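# Commentary on secondary and tertiary structure
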Amino acid sequence: MAALVLKHCWRGLLLNSGNGAVGAVKPRVLEGVRHKSTVQYISRPDLPKLAYRRVKGKSPGVVFLPGYGSNMSGQKAEAMEEFCRSLGHAYLRFDYSGHGASEGVFSEGTIGTWKKDVLFMLDELAEGPQILVGSSMGGWLMLLAAIARPEKTKALVGISTAADHFVTAFKTLPIEVRKECEDKGSWRIPTKSNEEGMYTVSMDFLRDAENHCILQSPIPITCPVRLIHGLKDEDVPWHISMQVAERVLSPDVDIILRRHGLHRMAEKDDIKLIVYTIDDLIDKLTTMV
């Protein structure tokens, strides 16, 4: 079981991290030399090629879904790969079309487009049961994928989950601002997640996103769900994770709120907590089998 391997790979428990969470572990795998997987490409008829990195191994595998405008090469994604490699579990990370090393035009992408990317990768490259780990918009796509592929999805870990976020945030704007955006055909969103300090989304993007909203009714997901969110997240309010927890049908749902956590959840203690959470789920799923 994963917990037994853990005793040999990791040292110590950080029972009270400086970021306000309890129970994060300090893995040796996050330190020292890292062995990266190789970037590969998969082709699709009449669609952009998708770039991915994969480590083959045991089930359950782990699939990482990055956020809006992000890519598969961030600190969280790399730490997860090192962790999965240390335990011999399969791991898959990739860039959506228009993101990172994948083909495609970012501004032409939609929630529907990227959902299709996720389902394609699950169908073609993810062998056996999977733990889906979604960051921000990736958390929204994670939920959509779990609904579409319940037989493949054995557990979920949401990080700053942004379910329905573009749509709900737009609807909170004053009516005159929304009207101005509709006249211009786009909406500029302040953010600290990129150098420009702004995201620009089209009205077409928002209309497509509205077709993929999931928080207005029960979410037909019954596998274990873990939702990690920072109370100081200025991009996606933490109460969205609370709404997800209330609506999923699963009887096994935990919410972890990080008192000083920011949106990216990329501090060392954040990453340790994420990795620990994945390990706990691997152990749980392995025990159930």
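Everything here concerns the structure above.
Residues numbered from 1 in each chain as written. Predicted model: local features only at pLDDT ≥ 70, side-chain atom pairs only at ≥ 80, totals over all residues. Heavy atoms only, no water.

### Concerning the packing of helix α2 (residues 75-87) against helix α9 (residues 268-288)
Helix packing geometry: the angle between the two helix axes and the distance between the axes. Interhelical geometry of α2 versus α9 gives an angle of 40 degrees and a closest axis separation of 10 Å. What the angle tells us is that α2 and α9 run oblique. Two packed elements cross with a definite hand, and for α2 against α9 that hand is right-handed. In this structure, α2 uses Gln75, Lys76, Ala79, Met80, Phe83 and Leu87 to contact α9, whose residues at the interface are Ile271, Ile274, Val275, Ile278, Asp279 and Ile282. Across the contact of α2 with α9, the residue classes tally to 9 nonpolar, 1 polar and 2 charged. (Axes fitted to C-alpha atoms, helices over the stretch in contact; angles between N-to-C directions. Helix = DSSP H or I, 4+ residues; strand = E, 2+ residues; numbered from the N terminus. Parallel < 35°, antiparallel > 145°, perpendicular 65-115°, else oblique. Left-handed = near helix turned anticlockwise from the far one by under 90°. Contact = heavy atoms within 4.5 Å. Nonpolar A, V, L, I, M, F, W, Y, C, P; charged D, E, K, R; others polar.)

### Looking at the sheet that holds strand β5 (residues 58-65)
As summarised here, the arrangement of the 8 strands in space is β3-β4-β6-β5-β7-β8-β11-β12, forming an open sheet in which the pairing is mixed. Two strands lie at the open edges of the sheet, namely β3 (40-44) and β12 (253-258), each paired on one side alone. Mean inter-strand twist for the sheet, computed between neighbouring axes without regard to direction, equals 20 degrees. Here 5 bridges tie β5 to strand β7 (residues 130-135), and the two strands are oriented parallel to one another. Bridge pairing in β7 links valine 63 to leucine 132. Each of β4 (47-55), β5, β6 (89-94), β7 and β8 (153-159) touches α2; the most contacted strand, β6, lies at about 160 degrees to it. Contacts from helix α3 (residues 111-124) reach β3, β4, β5, β6 and β7 within the one sheet, and its direction differs from that of β3 by about 105 degrees. (Pairing = 2+ DSSP bridges.)

### Observations regarding the nonpolar core
Grouped together as the largest cluster of nonpolar side chains are 55 residues, with contacts concentrated most on Phe94, Met121, Leu141, Leu156, Phe166, Trp187 and Ile221. Considering every element that reaches this core, the biggest residue donor is helix α4 (residues 137-148), with 8 residues. Here leucine 141 is in contact with Leu65, Tyr96, Ile111, Trp114, Lys115 and Val118, once residues within four sequence places are set aside. Grouped together as the second largest cluster of nonpolar side chains are 25 residues, Tyr91, Ile131, Ile282 and Leu285 included. (Core = buried A, V, L, I, M, F, W, Y, C linked by side-chain atoms within 4.5 Å. Buried < 20%, exposed > 50% of the residue type's maximum accessible area, 1.4 Å probe, protein only.)

### Overview of a nonpolar patch on the surface
On the surface, Leu231, Trp238, Ile255 and Leu257 cluster together into a nonpolar patch covering about 300 Å² of accessible area. Within the secondary structure, leucine 231 sits in the loop between β11 (225-230) and α8 (239-247). A relative accessible area of 36% places leucine 231 in the partly exposed class. (Patch = residues over 30% accessible without salt bridge, like charges linked within 9 Å, V, L, I, M, F, W, Y side chains within 5 Å. Areas by Shrake-Rupley, 256 points an atom, 1.4 Å probe, with all protein chains shown as cover. Salt bridge = Lys/Arg side-chain N within 4 Å of Asp/Glu carboxyl O.)

### Examining the side chain of aspartate 233
Relative to the helices and strands, aspartate 233 is located in the loop between β11 and α8. Of the buried charged residues, aspartate 233 lacks a salt bridge, with arginine 264 as the closest side chain of opposite charge at 9.9 Å. Looking at aspartate 233, its side chain comes within polar contact range of the side chain of histidine 229, at 3.1 Å. (Lys, Arg positive; Asp, Glu negative; His and termini not counted. Polar contact = N/O pair within 3.5 Å; in protein donor to acceptor, adjacent residues only side chain to side chain.)

### Points about the pattern of salt bridges
Inspection of every chain in the model, using the stated rule, returns 16 salt bridges. Residues glutamate 78 and lysine 36 are paired through a salt bridge, measuring 3.2 Å at the closest nitrogen-oxygen approach. Residue glutamate 78 is located in helix α2, and its partner lysine 36 is located in the loop between β2 (24-27) and β3; the two are separated by 42 residues in the primary sequence. You can call lysine 36 exposed: its relative accessible area is 53%. For lysine 284, the salt bridge is made with aspartate 252, and the minimal N-O distance between the two is 3.2 Å. Remark: aspartate 252 occurs in the loop between α8 and β12 and lysine 284 occurs in helix α9; sequence separation between them is 32 residues. A relative accessible area of 19% means that aspartate 252 is categorised as buried. A cluster of three or more residues bridged by salt bridges with shared partners is formed by Lys36, Glu78, Glu81, Arg85 and Arg93.

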